[in-house]
Amino acid sequence: MLINLAYKSLLHRKGSIILTIITISVSIIVMLGVDHIRQQAKLSFSSSVSGVDLIVGTRTGSLNLLLYSVFRTGTPTNNISWTSYERISQKPTIHHAIPISLGDSHQGYRVMGTTANYFEYFTYSNKQQLAFAQGHKFEHIFDLVLGAKVAKTLGYQLGDSIILSHGIGRTSFKNHDSIPFNVVGILAATGTPVDQTLHTSLQGLEAAHLTKPADIKRLTQTAELTLSQVDDLTPKSITAIMLMLKSKMAVFTLQREINTDKQEPLSAILPGVALSELWQTMAVFDNTLHLITILVIISSLIGLNAMLLASIRERMHEIKLLRMVGASASFVFLLIELEAIIIVLLSATIAFVALSFLLPISQTYVLNQYGILIDSNIISKTNSKLMFYFFIFTAIAVIPSALFAYKGARNSHV
Amino acid sequence: MTIQLKNIEFSYSNSLQKNVLSVDDWSVASGKKLFIYGPSGCGKSTLLNLVCGIIRPSLGSVTILGEALNKMSSRELDRFRSNNIGYIFQQFNLINYLSAIENITLASQFSLANKTINIDHKITSLLETLKVNSEDWSRPVNTLSIGQQQRIAIARAFINNPKLLIADEPTSSLDEPSRDNFMSLLTTLCEANKTTLLFVSHDTRLKHHFNLVQKFTDINNAAGKH
Ligand SMILES: Nc1ncnc2c1ncn2[C@@H]1O[C@H](COP(=O)(O)OP(=O)(O)OP(=O)(O)O)[C@@H](O)[C@H]1O
Ligand SMILES: [Mg+2]
């Protein structure tokens with residue numbers, strides 16, 4: 001009876017109710033949309049690397065090390081020696097060590113030198129391995145594997161040859177003109193900084209930095225040299241090492257060992273810890289989004305309340321009639337509450353439908369623009385929780401209106 | 001006795017004001033059809049509200065159907081009213097966005113009286129008795145004429161078999177033919193249901209429909225002093 005009455009009464013005032021529903025739908029879309037993107041950004045952020053237990057670099061501060069080794073931004077300050085790499089990778093607790101070398105770029109995208117094992121052992125997100133959209137990992141010295149975004153924005157295909165620049169930045173003056181690299185593989189999109197990286201072998205990078213024309217000539221004329229044939233190009237130094245351990249238990253011991261290394265000043269960081277530290281530094285971003293969400297909720301609930309309050313003034317006679325047929329004042333209170341809940345329920349439905357159309361559309365855009373892969377499924381646990389709170393807040397927020405109706409009902413003289 | 005008022009004093013808002021009502025001893029026997037007349041503003045509606053328990057007297061006791069309203073909580077009053085008292089006002093008796101059937105059903109749902117019987121049948125037979133065309137039963141009542149609405153109001157008032165029916169100038173917005181029609185339908189139903197009728201109006205031409213007629217100033221001592 002209560003539900004039927006609330007429904008009929010809403011239908012009777014459909015003009016103002018529809019406007020209110022639209023307002024609240026938009027609020028819910030903003031609320032859920034902003035929060036979804038915030039969560040997804042955080043998730044995508046923390047899924048940039050997984051399965052790597054320690055990252056080793058020079059003593060530079062953990063954030064800096066994380067920034068250049070994982071996010072490929074910032075400037076690697078110093079290198080660590082190849083001998084340190086060899087020493088560390090030989091430690092018994094280590095399952096695998098991947099050396100990486102940064103410092104060159106192409107059209108603003110970073111070039112990373114590494115070993116072919118990188119493609120097997122590096123994992124992101126939920127321990128996902130890198131996958132090749134086309135081609136294969138590098139086998140020859142001047143082979144190049146492109147991240148998905150690099151290939152897409154620069155329009156490269158398998159077989160293209162590319163000149164790398166020395167240093168970072170789009171307008172680097174010094175190009176390694178004499179040595180063209182060949183694209184042999186293109187990775188599938190990951191939504192992580194891997195998409196924006198060009199991968200080549202350490203030996204290839206080393207060769208690109210050769211200065212003696214004779215050496216260069218030797219290499220470029222026998223272009224089909226495989227990596228094992230160029231032992232002499234083993235680098236003297238690298239930028240960082242990613243370590244995968246046999247057992248997680250050894251992480252802290254190993255970290256201490258590396259940090260207190262006698263032969264070279266090294267530092268080892270736990271990527272997970274450093275990632276959350278980095279996210280902390282972006283707390284302003286996080287908090288701003290939170291604030292937006294809260295303000296949107298508050299404003300829409302105030303709007304709802306204003307609409308209800310105005311309607312109750314007009315409905316005093318109706319309320320008196322309800323009282324006369326035996327409705328208690330609490331019935332009137334519940335009626336107003338129920339009307340508010342129905343309005344929010346309808347708005348929520350509209351918002352969810354709208355978002356399930358909007359998100360897939362914005363998905364590609366966001367991935368291209370910001371390299372963040374957002375999930376197009378809006379119905380998540382946190383969102384349900386958010387909606388649940390929204391309903392509770394609605395019920396609380398309309399108490400003034402409902403109380404006003406209740407008081408009116410109690411004091412009604414017919 | 002259906003209605004019994006003793007030593008009633010009532011004033012709106014604060015006690016500094018003059019009393020609107022002052023009734024020493026007034027009672028109405030069961031089954032009577034009582035007509036009370038008096039000029040506008042003398043306190044007729046106030047008396048009816050007191051009888052319904054919508055307002056409480058500053059002093060004195062109101063006893064309806066043997067129950068002292070003073071002793072009831074507002075919840076008990078709500079219950080009591082919906083189970084025992086029907087009412088019809090001058091106009092706007094119905095929730096305007098609901099249909100005749102929905103209005104009557106709503107009234108029946110708040111009462112205990114109809115829990116067992118077939119309510120839909122009762123509603124349709126009442127509407128038929130009151131000569132409301134069946135095509136108007138499901139339309140929102142704000143699309144119906146005042147005369148039709150007042151007849152539906154009678155049906156609504158009778159759905160819970162009230163022992164007491166209160167009518168506050170229900171005919172004042174009706175023209176003469178529909179007024180007579182309304183009055184005969186109302187009194188016939190009251191007789192058939194053995195419902196006590198308390199009817200107030202300033203229009204003394206209605207007198208002949210009743211078996212008991214009182215002047216409001218004879219009941220209310222405060223009225224004369226206005
Ligand atoms: N809610 C109220 N608050 C304050 N005073 C009121 C209220 N309702 C009525 N009054 C006053 O009480 C007096 C009696 O009013 P009441 O409505 O009972 O008269 P009435 O006899 O029903 O008049 P009418 O024939 O016009 O309906 C009037 O002087 C009126 O101004
Ligand atoms: Mg009156």
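Since the model is a prediction, treat every value here as computed from it, not as a measurement.

Each value, and the rule that gives it
- Residues numbered from 1 in each chain as written.
- Chains lettered and ligands numbered in written order.
- Predicted model: local features only at pLDDT ≥ 70, side-chain atom pairs only at ≥ 80, totals over all residues.
- Heavy atoms only, no water.
- Pairing = 2+ DSSP bridges.
- Helix = DSSP H or I, 4+ residues; strand = E, 2+ residues; numbered from the N terminus.
- Axes fitted to C-alpha atoms, helices over the stretch in contact; angles between N-to-C directions.
- Contact = heavy atoms within 4.5 Å.
- Left-handed = near helix turned anticlockwise from the far one by under 90°.
- Nonpolar A, V, L, I, M, F, W, Y, C, P; charged D, E, K, R; others polar.
- Domains from an automatic or database assignment.
- Phe/Tyr/Trp six-rings, centres within 6.5 Å; stacked < 30°, edge-to-face > 60°.
- Buried < 20%, exposed > 50% of the residue type's maximum accessible area, 1.4 Å probe, protein only.
- Salt bridge = Lys/Arg side-chain N within 4 Å of Asp/Glu carboxyl O.
- Parallel < 35°, antiparallel > 145°, perpendicular 65-115°, else oblique.
- Buried area = accessible area lost by both parts, 1.4 Å probe.
- Polar contact = N/O pair within 3.5 Å; in protein donor to acceptor, adjacent residues only side chain to side chain.

Glancing now at the sheet that holds strand S3 (residues 33-37) of chain B. Residue and element names in this part refer to chain B. Pairing is parallel in the open sheet, where five strands are placed in the order S6-S7-S8-S3-S9. Edge positions in the open sheet fall to strand S6 (85-88) and strand S9 (212-215), since each of these has one partner strand only. Between one strand axis and the next, the sheet turns through 15° on average, direction left out of account. On the sheet, helix H6 (residues 176-193) packs against S3, S6, strand S7 (164-168) and strand S8 (196-201) and is oriented at approximately 155° with respect to S8.

The next thing to look at is the packing of helix H2 (residues 14-46) of chain A against helix H10 (residues 271-281) of chain A. Residues and elements named next belong to chain A. Packing of H2 against H10 brings their axes to within 10 Å, and their N-to-C directions diverge by 145°. Our pair here, H2 against H10, has a crossing hand that is right-handed. Listed contacts from H10 to Arg38, Ala41, Lys42, Phe45 and Ser46 of H2 are Leu275, Leu278 and Trp279. Looking at the contact of H2 with H10 residue by residue, the classes come out as five nonpolar, one polar and two charged.

Here we come to the domain arrangement of chain A. Partitioning chain A into structural domains gives domain 1 (2-45 + 282-411) and domain 2 (54-269). The gap between the C-alpha centroids of domain 1 of chain A and domain 2 of chain A is 50 Å.

So, about the sheet that holds strand S2 (residues 21-28) of chain B. All names here are of chain B. The sheet built from four strands is open, its strands ordered S2-S1-S4-S5 with antiparallel pairing. Where the open sheet ends on each side, the last strands, each with one partner, are S2 and strand S5 (67-68). In the sheet, strand S1 (residues 3-10) pairs with S2 via seven bridges, with the strands oriented antiparallel. In the sheet register, phenylalanine 10 faces S2, and the bridge partner there is leucine 21. Against the sheet, helix H1 (residues 44-52) makes contact with S1, S2 and strand S4 (59-64), and its axis sits at roughly 120° relative to S1, the strand it touches most.

Our focus in this paragraph is the packing of aromatic side chains. Residue and element names in this part refer to chain A. Tallied over the entire structure, the rule returns 16 aromatic pairs over all chains. Between tryptophan 82 and tyrosine 85, the ring centres sit 4.5 Å apart and the planes meet at 40°, which makes this aromatic pair tilted. Taken together, the positions of tryptophan 82 and tyrosine 85, both in helix H4 (residues 82-89) and three residues apart, correspond to about one turn of that helix. Each member of the pair, tryptophan 82 together with tyrosine 85, is buried. Centre to centre, the rings of tryptophan 279 and phenylalanine 285 are 6.2 Å apart; their planes meet at 90°, and the pair counts as edge-to-face. Residue classification places tryptophan 279 among the buried positions, given a relative accessible area of 8%. Looking at phenylalanine 285, the relative accessible area reads 39%, which means it is partly exposed.

This part is about the pattern of salt bridges. What the rule picks out here adds up to 17 salt bridges over all chains. For Lys8(A), the salt bridge goes to Glu102(B), with nearest N and O atoms at 2.2 Å. Taken together, the positions of Lys8(A) in helix H1 (residues 2-12) and Glu102(B) in helix H3 (residues 100-109) put the pair across two chains. Of the residues examined, Lys8(A) reaches a relative accessible area of 19% and is grouped as buried. On the accessibility criterion, Glu102(B) (23% relative accessible area) is partly exposed.

Right, let's get into unusual backbone geometry. Residue and element names in this part refer to chain B. Of note in this structure, leucine 65 is not a glycine but carries a positive phi near 50°. Assignment of secondary structure puts leucine 65 in the loop between S4 and S5. Looking at leucine 65, the relative accessible area reads 26%, which means it is partly exposed. One non-glycine residue, lysine 194, adopts positive backbone phi at about 55°. Positionally, lysine 194 belongs in the loop between H6 and S8.

Residues and elements named next belong to chain A. Contact geometry for helix H11 (residues 283-314) and helix H14 (residues 381-397): axes closest at 10 Å, N-to-C directions at 40°. With respect to their mutual orientation, H11 and H14 come out oblique. In the packing of H11 onto H14, the handedness of the crossing is right-handed. Touching Ile297, Ser300, Leu301, Leu304 and Asn305 of H11 are Phe390, Phe393, Thr394 and Ala397, all from H14. Considered class by class, the residues forming the contact of H11 with H14 number six nonpolar, three polar and no charged.

Here we take up the interface of chain A and chain B. Facing 23 residues of chain A, the contacting portion of chain B comprises 26 residues. Note on chain A versus chain B: buried area summed over both sides is about 2,200 Å², and carbon and sulfur give 65% of it. Of all residues in chain A, Met1(A), Met324(A) and Val325(A) bury the most surface against chain B, accounting for 29% of the area lost on that side. Ionic pairing is found between Arg323(A) and Asp78(B), a salt bridge with its closest N-O pair at 3.1 Å. Across the contact surface, chain A and chain B share five residue pairs in polar contact (both at pLDDT 80 or more). When residues of the side of chain A that touches chain B are assigned to their parent elements, the largest contribution, six residues, is made by helix H12 (residues 316-324) of chain A.

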